[in-house]
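# Observations on chain architecture
Given next are the chains, with one letter for each unit.
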Amino acid sequence: MFEYTGNGVAITLFGLEVRWYGVLIVTGMLLAVLLSSREVKRKGMPEDIVYDLSLWVLPLGVIGARLWYVLFEPQRFSSLWDVINLRSGGLAIQGGVMVGLLVSWIYLHRRNISFLRVADCIIPFLPLAQAIGRWGNFFNNEAYGYAANIPWAVLIDGKPHHPTFFYESAGDFLLFLFLWYFLRKRTKVDGQTTSLYFVFYGILRFIVEGFRTDSLYFGALRVAQLLAIGGMLLGLLGYVVLSKKGEKSLNADKGKHPER
């Protein structure tokens, strides 16, 4: 069992508390940007695409994640300051992903750059950033699961609980490794890697969310699980359609240039 009994503060600079939650989220974001830029360069595109895109996606994605959380948990916030004060937690990653995808599509479309090609270069590193950021939940003593007397439990107020933040962090890291491998070794058409992210992250989130005690609800339904199902179906459909499109293109090329 493991437990964090501190106050969540990493360092204090000029009287301002810098919390582990923010440090880990920013670390994950910056690492994802760095690795994505290298992947874009490997694909023959200028790496500054990722840097320019991140100036829009990162801040707007954080805003989207916060607003999505506030939308389904309004009772936690009594003032505008409570809404904009992110240091105590309260970000819904699915809201951030949705906003990030929309902003990316608009930005890349206006620059006449393939959205799917760039997305494939970025998406493997999204679960890596998520894996790092989830440990911010540990330092905030949040995002834990039901009470469970298990050896790997996290202690909250002296009682053992499922460490759901750890379940998702571990799953996200494995997903990162798989997607990076798939992008490098298995992908045949743009968009396949992105589609698989939605399929497998949807499965992971649906399972983990079932253990959590702090889920956002729409009526009696867990919002994250509804979005996870939607993501799985959308990702599966996208993968099938794109794969068939790639096979048709490959067959067409063989028809134009038959083997002799």
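Within each chain, residues carry numbers counting from 1 in the order of the written sequence. For this predicted model, a pLDDT threshold of at least 70 governs which residues receive local features, and a threshold of 80 or more governs which side-chain atom pairs are given and counted, while totals over whole chains, interfaces and linings are taken from all residues. Note: side-chain values were computed over all heavy atoms of the structure, leaving out hydrogens and water.

### Some points on the overall build of the protein chain
What counts, and what does not: We count a stretch as a helix when DSSP gives it H or I for four or more residues in a row; a strand needs E for two or more, and each element gets its number in order from the N terminus. When we talk radius of gyration, it's over C-alpha atoms, and the globule rule is simply 2.2 Å times the number of residues to the 0.38. Throughout, exposure labels follow a simple rule: accessible area from a 1.4 Å probe, protein chains only, divided by the maximum for the residue type, with under 20% read as buried, over 50% as exposed, and the rest as partly exposed. For this analysis, residues touch if any pair of their heavy atoms sits within 4.5 Å. Note that accessible areas follow from Shrake-Rupley with a 1.4 Å probe, and for residues the cover is restricted to the protein chains shown.
Of regular secondary structure, the protein chain possesses 10 helices and 6 strands. Here the C-alpha atoms of the protein chain give a radius of gyration of 20 Å, agreeing with the 18 Å that 2.2 N^0.38 yields for 260 residues. With the C-alpha coordinates aligned to their principal axes, the bounding extent of the protein chain is approximately 75 × 40 × 35 Å. Residue burial in the protein chain is summarised as follows: out of 260 residues, 46% are buried. The contacts of the protein chain with a sequence gap of at least 6 include a subset with a gap of at least 24, amounting to 68%. About 14600 Å² of surface is accessible on the protein chain, with carbon and sulfur atoms providing 66% of the total.

### Topic: the layout of surface pockets
Note the cut-off: With a 1 Å grid laid over protein atoms only, a set of points is called a cavity when a 1.4 Å probe fits there but cannot get out and a pocket when it is open yet has protein on both sides within 12 Å along at least five of seven lines; lining residues have an atom within 4 Å of a point. Grid points are joined across faces, edges and corners, and a volume is the space filled by probe spheres set on the points. Following the grouping adopted for this structure description, the nonpolar residues are Ala, Val, Leu, Ile, Met, Phe, Trp, Tyr, Cys and Pro, the charged ones are Asp, Glu, Lys and Arg, and the polar ones are all others, Gly among them.
By volume, the second largest pocket amounts to about 440 Å³. Along the wall of the second largest pocket there are 22 residues; nearest its centre are Leu101, Phe198, Gly231, Leu234 and Gly235. Residues of the lining of the second largest pocket, tallied by class, amount to 13 nonpolar, 9 polar and no charged.

### Some thoughts on the pattern of salt bridges
Note the cut-off: A carboxyl oxygen of Asp or Glu within 4 Å of a side-chain nitrogen of Lys or Arg is what we treat as a salt bridge.
All told, the structure shown has 9 salt bridges when counted by the stated rule. The salt bridge involving aspartate 190 is made with arginine 117; its shortest N-O contact spans 3.1 Å. Of this pair, aspartate 190 sits in the loop between helix H8 (164–186) and helix H9 (192–209) while arginine 117 sits in helix H5 (residues 115–122); the two residues are 73 residues apart in sequence, bridging distant segments of the chain. Taking relative accessible area as the criterion, aspartate 190 reaches 23% and is therefore assigned partly exposed. One salt bridge connects glutamate 168 with arginine 134, and the closest N-O pair in it is separated by 3.4 Å. Placement of glutamate 168 in helix H8 and of arginine 134 in the loop between helix H6 (125–133) and helix H7 (135–139) is noted, with a sequence separation of 34 residues between them. Take glutamate 168 and arginine 134: they sit in the same class, and that class is buried. In the salt-bridge network here, residues are joined through shared partners; they are Arg134, Glu168, Arg205, Glu209, Arg212 and Asp214.

### Here's the deal with the packing of helix H1 (residues 20–42) against helix H2 (residues 48–72)
Definition in use: Axis definition: a line fitted to C-alpha atoms, limited for helices to the stretch in contact. Angles are taken between N-to-C directions and run from 0 to 180 degrees. Definitions for this section: a left-handed crossing has its near helix turned counterclockwise from the far helix by less than a right angle. A right-handed crossing has that turn clockwise.
Between H1 and H2, the shortest axis-to-axis distance is 11 Å and the interhelical angle comes to 150°. Crossing of H1 over H2 shows right-handed handedness. Where H1 abuts H2, its residues Met29, Val33, Leu34, Ser36, Ser37 and Val40 lie against Val50, Tyr51, Ser54, Leu58 and Val62. The residue inventory of the contact of H1 with H2, partitioned by class, reads 8 nonpolar, 3 polar and no charged.

### A few points about the packing of aromatic side chains
Each aromatic ring pair is characterised by the separation of its centres together with the angle its planes make. The line we're drawing: We call Phe, Tyr and Trp rings a pair once their centres come within 6.5 Å, taking the six-membered ring for Trp, and we label the pair stacked below 30 degrees between planes, edge-to-face above 60, and tilted otherwise.
Counted according to the given criterion, the structure contains 22 aromatic pairs. Grouped by ring-pair contacts, the aromatic residues Phe2, Tyr4, Trp20, Trp135, Phe138, Phe139, Phe165 and Phe166 constitute a single cluster.

### Some words on the environment of serine 37
Looking at the element boundaries, serine 37 is found in helix H1. Assessed through its relative accessible area of 0%, serine 37 is described here as buried. Sequence separation between serine 37 and aspartate 48 is 11 residues, and the spatial gap between their C-alpha atoms is 7.1 Å. For serine 37, the residues in contact, after removing those within four places along its chain, are Glu47, Val50 and Tyr51.

### Considering the pairing of strand E1 (residues 9–13)
Successive residues of a regular strand alternate their side chains across the two faces of the sheet. We count it as follows: Should DSSP find at least two bridges between two strands, the strands are taken to pair.
Taken together, the 4 bridges between E1 and strand E2 (residues 16–19) define a ladder with antiparallel strand orientation. Note on E2: the bridge partner recorded for valine 9 is arginine 19. Between the end of E1 and the start of E2, which pair antiparallel, lie 2 residues, with phenylalanine 14 showing a positive phi angle near 50°.

### Looking at unusual backbone geometry
One non-glycine residue with positive phi stands out, namely alanine 143, at about 55°. Note on alanine 143: relative accessible area 3%, which makes it buried. Phi is positive for aspartate 157, close to 55°, though the residue is something other than glycine. With respect to the helices, strands and loops of the structure, aspartate 157 is situated in the loop between strand E3 (154–156) and strand E4 (159–161). On the basis of relative accessibility, which here comes to 75%, the residue aspartate 157 falls in the exposed class.

### Here we look at a nonpolar patch on the surface
Stated formally: Like-charged residues within 9 Å of one another, or nonpolar side chains (Val, Leu, Ile, Met, Phe, Trp, Tyr) within 5 Å, are grouped into patches, provided each residue has over 30% relative accessible area and no salt bridge.
Residues Tyr146, Phe178, Phe200, Ile203, Phe206, Ile207, Phe211, Ile229 and Leu233 make up a contiguous nonpolar surface patch of roughly 770 Å² in combined accessible area. Elements with a contribution of two residues or more to the nonpolar patch: H9 and helix H10 (223–256). Considering every element that reaches the nonpolar patch, the biggest residue donor is H9, with 4 residues. Along the chain, isoleucine 207 turns up in helix H9.

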